[in-house]
Amino acid sequence: MAARQKSMSSSLMGTLAASCLLVMALWVQREAAVPIVSHCSLDRANFQQPYITNRTFTLAQEASLADNNTDVRLIGTKLFQGVNQMTERCYTLKQVLNFILEEMLLPQSNRFKPYMQEVVPFLARLNKKLGQCHIECDNQNIQRNVQNLKDTVKKLGESGEIKVIGELNLLFMALKNECTRPGQSSEMDN
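Keep in mind the model is a prediction, meaning the values are calculated, not measured.

Novice: Even after reading the chapter, I still don't get the state of the cysteines, so can you show me in this structure?
Specialist: Disulfide: a covalent bond formed between the sulfur atoms of two cysteine residues. By the definition in use, this model includes two disulfides. A sulfur-sulfur separation of 1.9 Å characterises the disulfide bridge that pairs Cys40 with Cys133. The chirality of the disulfide connecting Cys40 with Cys133 is right-handed, given an S-S dihedral of about 95°. With Cys40 in the loop between helix H1 (2-33) and helix H2 (50-65) and Cys133 in the loop between helix H4 (115-129) and helix H5 (140-156), the pair connects residues that are 93 residues apart, well separated along the chain. An identical accessibility class is assigned to Cys40 and Cys133; each is buried. Bridging Cys90 to Cys179, the disulfide has an S-S length of 2.1 Å. Residues Cys90 and Cys179 share a disulfide whose torsion about the S-S bond is about 115°; that sign makes it right-handed. Of this pair, Cys90 sits in helix H3 (residues 86-105) while Cys179 sits in helix H7 (residues 168-179), placing them 89 residues apart in sequence. Cys179 shares its class with Cys90; the two are buried.

Novice: So what exactly am I meant to see when it comes to the pattern of salt bridges here?
Specialist: Between side chains of opposite charge, pairing is possible as soon as their charged atoms come close. The full count for this structure, using the stated rule, is five salt bridges. With a shortest N-O distance of 2.6 Å, Arg55 and Glu118 are connected by a salt bridge. With a gap of 63 residues between them, Arg55 in helix H2 and Glu118 in helix H4 connect regions that are remote in the sequence. For Arg55, a relative accessible area of 17% puts it in the buried group. We classify Glu118 as partly exposed; its relative accessible area is 24%. The partner of Arg73 in a salt bridge is Glu167, with the nearest N and O atoms 3.9 Å apart. In this pair, Arg73 sits in the loop between H2 and H3 while Glu167 sits in the loop between helix H6 (158-166) and H7, placing the two residues 94 residues apart along the sequence.

Novice: Hey, could you run me through the packing of aromatic side chains in this one?
Specialist: Two aromatic rings are characterised by how far apart their centres lie and by the angle between their planes. Taken as a whole, this structure holds three aromatic pairs when the rule is applied. Ring geometry for Phe57 and Phe172: centres 5.7 Å apart, planes at 80°, overall edge-to-face. Placement of the pair is Phe57 in helix H2 and Phe172 in helix H7, with a sequence separation of 115 residues. A residue is classified by how much of its surface remains accessible, and Phe172, at 2% relative accessible area, is buried. An angle of 35° between the planes, with centres 6.1 Å apart, marks the rings of Phe122 and Phe172 as tilted. With Phe122 in helix H4 and Phe172 in helix H7, this pair connects stretches of sequence that are 50 residues apart. On the basis of relative accessible area, Phe122 is assigned to the buried category, the value being 2%.

Novice: Quick question: what am I supposed to make of the nonpolar core here?
Specialist: Considering soluble globular proteins, one finds that nonpolar side chains tend to be buried as a cluster. If you look at the biggest cluster of nonpolar residues, it comprises 46 residues, and the most contacted ones within it are Leu105, Leu123, Leu168, Leu171 and Leu175. Residue assignment for this core shows that the elements contributing at least two residues are H2, H3, H4, H5, H6 and H7. Looking at which element gives the most residues to this core, the answer is H3, with ten residues. In this view, Leu175 contacts Phe47, Leu93, Leu97, Leu126, Leu130 and Thr180; residues no more than four positions away in its chain are not counted.

Novice: Could you clarify how one ought to interpret the environment of Arg144 in this entry?
Specialist: As for its position among the elements, Arg144 is in helix H5. Linking Arg144 and Gln81, residues 63 residues apart in sequence, is a C-alpha distance of 9.5 Å.

Novice: Any chance you could explain unusual backbone geometry here in plain terms?
Specialist: What you tend to see is this: most non-glycine residues have negative phi, and most peptide bonds are trans. Pro114 follows Lys113 through a cis peptide bond whose omega is 0°. Of note, Pro114 is situated in the loop between H3 and H4. Non-glycine residue Phe112 carries a positive phi angle of around 50°. Take Phe112: it is sitting in the loop between H3 and H4. Residue Phe112 is classed as buried on the basis of its relative accessible area, which comes to 16%.

How each quantity is defined
Every chain is numbered independently, its residues counted from 1 as its sequence is written. For a predicted model such as this one, the threshold for reporting local features is a pLDDT of at least 70, and the threshold for listing and counting side-chain atom pairs is 80 or more; totals across whole chains, interfaces and linings nevertheless cover every residue. Heavy atoms throughout the structure, all of them, feed into the side-chain values; hydrogens and water do not. Any pair of cysteine sulfurs within 2.5 Å is marked as a disulfide. Helix and strand definitions follow DSSP, with helices as H or I runs of at least four residues and strands as E runs of at least two, each counted in order from the N terminus. Working definition: with a 1.4 Å probe on protein chains only, accessible area under 20% of the residue-type maximum means buried, over 50% means exposed, and in between means partly exposed. What counts as a salt bridge is simple: a side-chain nitrogen of Lys or Arg found within 4 Å of a carboxyl oxygen of Asp or Glu. Pairing of aromatic side chains here covers Phe, Tyr and the six-membered ring of Trp, requires ring centres within 6.5 Å, and sorts the geometry by plane angle: under 30 degrees stacked, over 60 edge-to-face, intermediate tilted. Each nonpolar core is a collection of buried residues, namely Ala, Val, Leu, Ile, Met, Phe, Trp, Tyr and Cys, held together in the definition by side-chain atoms within 4.5 Å. The contact definition used throughout considers only heavy atoms, calling two residues in contact when any of these lie within 4.5 Å.

And the structure:
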């Protein structure tokens, strides 16, 4: 009888241990299945602030009045050639935004007052929020497209700098369309 109790106790302990392992495995699997919020996204609320939207579009309009080159478009469909997924398109815009801030807007911050002083910090905040945005796929198309934009701007010289500022409204809309999801809550904003 004692041997049978030992056997049942041993069997019960084995079953209990197996159950614990199963519960732990299911817990780990459930955690792995939880979707990870992409760092290549922005909160839609960033683009629903009437004041900064107005300032961005006014700045772009002022600069576009000084833009003599109407044959070149920097922010448009060419920027996304061969770039199909939303995350990749947002990553492309992150690269463009970073270039525009560092190479064009910060050095030009004394122009187009007072709009530039308000729009640059807004764009810098968006750039910071996209700081963790990385992609794991082959990004040759992205790098080529961004490099083409940079080359075009540099080739145009001062006219390219004016063009960049004149297309900030297009950049604003592209960031809104490619880096946000409809109905996105502010909890997704990093």
